2 protein chains.
Amino acid sequence: MSKRPAPNVKSKSNRRSLAQVRQDNSEHILRVAERLFSERGYSGTTIMAIAEEACLPKANILYYFHTKEALYQGVLSNILKIWMLSMNDMTPEQHPRDALRDYIIKKIRQSKEYPHASRIFAAEVLHGAPFLRKQLETDLKEQFDKTCDVFRQWIAKKWMDPVHPEHLMFMLWSSTQAYADVQVQSCILLNKSELDDQDYNDGADFLVRMVLKGCGINPV
Amino acid sequence: MSKRPAPNVKSKSNRRSLAQVRQDNSEHILRVAERLFSERGYSGTTIMAIAEEACLPKANILYYFHTKEALYQGVLSNILKIWMLSMNDMTPEQHPRDALRDYIIKKIRQSKEYPHASRIFAAEVLHGAPFLRKQLETDLKEQFDKTCDVFRQWIAKKWMDPVHPEHLMFMLWSSTQAYADVQVQSCILLNKSELDDQDYNDGADFLVRMVLKGCGINPV
DNA sequence: AAAACTTCTGACCAAATGGTCAGAAGTTGG
DNA sequence: CCAACTTCTGACCATTTGGTCAGAAGTTTT
């Protein structure tokens, strides 16, 4: 809730080039918007609320992003950038023991480091991906199919049990994603105001062990 | 999207007692509202939209539910009823092989039979449980703690590996919940317009196997 | 320092939204 | 069949919301 003042507040003459001002303000707005969208959803977030949290007049928000939808799209494209960037491809040559461990750890770290992004993504999917459909149908599906294929090759090599690749993917995705999505719920259930590093590590350890053993993969 | 006409449409003189009319209409409205809330979220759903889908004038919706929030609460309480009812308690005497299998199957069936309810619940949690906090803090937490305790007793009896009970609960919850939440996504990724029974069965089989083996539980 | 350009903002606006209300229409009990 | 009651609804209303715009303020270029 830190109402950090906008970069330009009360001091436009701070010797910053216009280009710099533009970039700073755009990013500032995107950050604030991301947080609010993740907390209240698309419809639940008003431009006025974003303006107040960003300490900028509403008209200024609309100067940078002409419509609410454009602002939301801006937030989403930021998110997808993070997503695609850090979604490493598992390869058939890697042993699943290492590949799956790395994947789980990376995904959980992502949930921890970008909780807003994770939640917006989840909400988007939950409501039928009205804004992301296209991207999911192309980029994400490609990634998904490729990874399932890797699983199949591992199975062929007897490196893991013949589990259903698609359902393994779902399970990996949902159980790692959960550490961002149900943070609130987790906190209620664990009686903590926030998940700490220990919790994330425990979660990762648990999942790695469960998945490897569950898939009949020799640990170490 | 079937705009099924309201029970009372065009025929109030159908010899139904007022009490009956009241109940029929309340239920009809709740059903429509549940669907819309699950598709568009709380803020994204307007009373007017509910009225149109229910084939009733807006004022009539507000006659039965004085405010939008009251209507949403009505939907939520319906949902919690389903939830609590079907969330069977696992017992320390049961063997985890059976208890966990039953739990997973039941949860996945629930995702299939009540997808709207599941999604509303997920969205609620995702946004910090603004309407459900109290209930989660009492009922759900109690359930959660009790079940973790059962896990610990199973572990003490050497019926399963010493896994972290809390994280096992998270994993069970999120991976079963997923079959309702990411239905859309799943459909995109699996190239289907809808998950069919086979998919749900495959999912249940996969999860049961994975969890039992992952927890070092002897199958059969 | 003046012209050209970008950034910023208060004042508006039309549409949508949640909600009210008076009275019509229908049902029930005596 | 009439009085009491419940259900229903069109017309209205205050507020909120996304968005516009003219012109002020600041920066860059010449």
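Along each chain, the written sequence defines residue order, and numbers are assigned to residues from 1. Chains carry letters and ligands carry numbers; both start at the beginning, A for chains and 1 for ligands, and go up in the order they are written. Local features in this predicted model are restricted to residues of pLDDT 70 or higher, and side-chain atom pairs are both shown and tallied only at a pLDDT of 80 or more, whereas totals for entire chains, interfaces and linings draw on every residue. Only hydrogens and water are set aside; all other atoms, that is, all heavy atoms of the structure, feed into the side-chain values.

### Some words on the relation of the copies chain B and chain A
Applicable threshold: Here the copies are matched by least squares. The fit uses the C-alpha atoms of residues with pLDDT of at least 70 in both. The criterion used for residue contact is that any of the two residues' heavy atoms lie within 4.5 Å.
Note on the identical chains: chain B maps onto chain A by a rotation of 180° and an axial translation of 0.0 Å, with an RMSD of 0.1 Å. Given the turn and translation reported, the copies of this chain are related as if by a two-fold rotation axis. When C-alpha positions in chain B are compared against the rotation axis, the closest is assigned to G214 of chain B, at 1.9 Å. The fraction of interface residues of chain B whose copies in chain A are also interface residues reaches 100%, indicating that both copies meet through the same surface.

### Some thoughts on the UniProt feature "DNA-binding region" (unreviewed entry) in chain A
Short version of the rule: UniProt positions are given in the numbering used here, feature names are shortened, and annotations may be inferred rather than shown by experiment. The secondary structure listing takes helices from DSSP runs of H or I that are at least 4 residues long and strands from runs of E that are at least 2 residues long, numbered from the N terminus.
When the UniProt feature table is mapped onto this chain numbering, "DNA-binding region" (unreviewed entry) sits at residues 46–65 of chain A. Counted over residues 46–65 of chain A, helix gives 75% and strand 0%. Its end C-alpha atoms are 14 Å apart.

### Section: the interface of chain B and chain A
In plain terms, the rule: A 1.4 Å probe defines the accessible area here, and the buried area is the portion of it lost by two parts on being joined, summed over both. We define a salt bridge as a contact between a side-chain nitrogen of Lys or Arg and a carboxyl oxygen of Asp or Glu at a distance within 4 Å. Identification of polar contacts relies on pairs of N or O atoms within 3.5 Å, with a donor-acceptor requirement for protein atoms, meaning one able to donate a hydrogen and the other able to accept it, and with residues adjacent in sequence counted only if both atoms are side-chain atoms. In this count, Pro and Cys sit with the nonpolar residues alongside Ala, Val, Leu, Ile, Met, Phe, Trp and Tyr, while Asp, Glu, Lys and Arg are called charged and the others, Gly among them, polar.
Contacts between the two partners involve 54 residues from chain B and, on the opposite side, 54 residues from chain A. Summed over both partners, the interface of chain B with chain A comes to about 4,500 Å²; 73% of that surface belongs to carbon and sulfur atoms. Viewed at the interface, chain A and chain B are joined by two salt bridges. Here D161 of chain B makes a salt bridge to K213 of chain A, at a shortest N to O gap of 2.4 Å. Scanning the region where chain B abuts chain A turns up seven residue pairs in polar contact (both at pLDDT 80 or more). Within the residue set of the side of chain B that touches chain A, elements represented by two or more residues are α1 (18–44), α6 (115–126), α7 (133–156), α8 (165–181), α9 (183–190) and α10 (197–214) of chain B. Here the side of chain B that touches chain A takes eleven residues from α8 of chain B, the largest share from any one element. Taken together, the residues of the side of chain B that touches chain A break down into 25 nonpolar, 16 polar and 13 charged.

### Overview of helix α2 (residues 47–54) of chain A
Residue and element names in this part refer to chain A. Let me state the cut-off plainly: Exposure is judged per residue with a 1.4 Å probe applied to protein chains only, and the accessible area is read against the type maximum: over 50% gives exposed, under 20% gives buried, and values in between give partly exposed.
Taking burial as the measure, the eight residues of α2 include six buried ones, the bulk of the element. Taken residue by residue, α2 has I47, A49, I50, A51, E53 and A54 as its buried positions. Looking one or two residues beyond α2, the residue adopting positive phi is C55, at roughly 55°.

### Some words on the domain arrangement of chain A
When the parts of a complex come together, some accessible area is lost, and that lost area is often used as the size of the interface. Residue and element names in this part refer to chain A. Short version of the rule: Where a domain begins and ends is set by an automatic assignment or by a domain database.
With domains assigned, chain A is organised as domain 1 (17–66) and domain 2 (69–215). Between domain 1 and domain 2, the C-alpha centre-to-centre distance is 28 Å. At the interface, eleven residues of domain 1 touch 13 residues of domain 2. Of the roughly 1,100 Å² buried between domain 1 and domain 2, counting both surfaces, carbon and sulfur atoms make up 78%. Three residues stand out in domain 1 for area buried against domain 2, namely E34, S38 and Y42, and they jointly supply 49% of the buried area on that side. Counting every contact that joins domain 1 to domain 2 gives zero salt bridges. Linking domain 1 to domain 2 there are one residue pair in polar contact (both at pLDDT 80 or more).

### A short note on the nonpolar core
Heads up, the condition is: We call a set of buried residues a nonpolar core when its members are Ala, Val, Leu, Ile, Met, Phe, Trp, Tyr or Cys and they connect through side-chain atoms within 4.5 Å of each other.
Of all hydrophobic cores here, the largest spans 136 residues; its most connected members are L168 of chain A together with L168 of chain B. Listed in part, the six residues of the second largest apolar core include A123 and L126 of chain A together with A122 and L126 of chain B.

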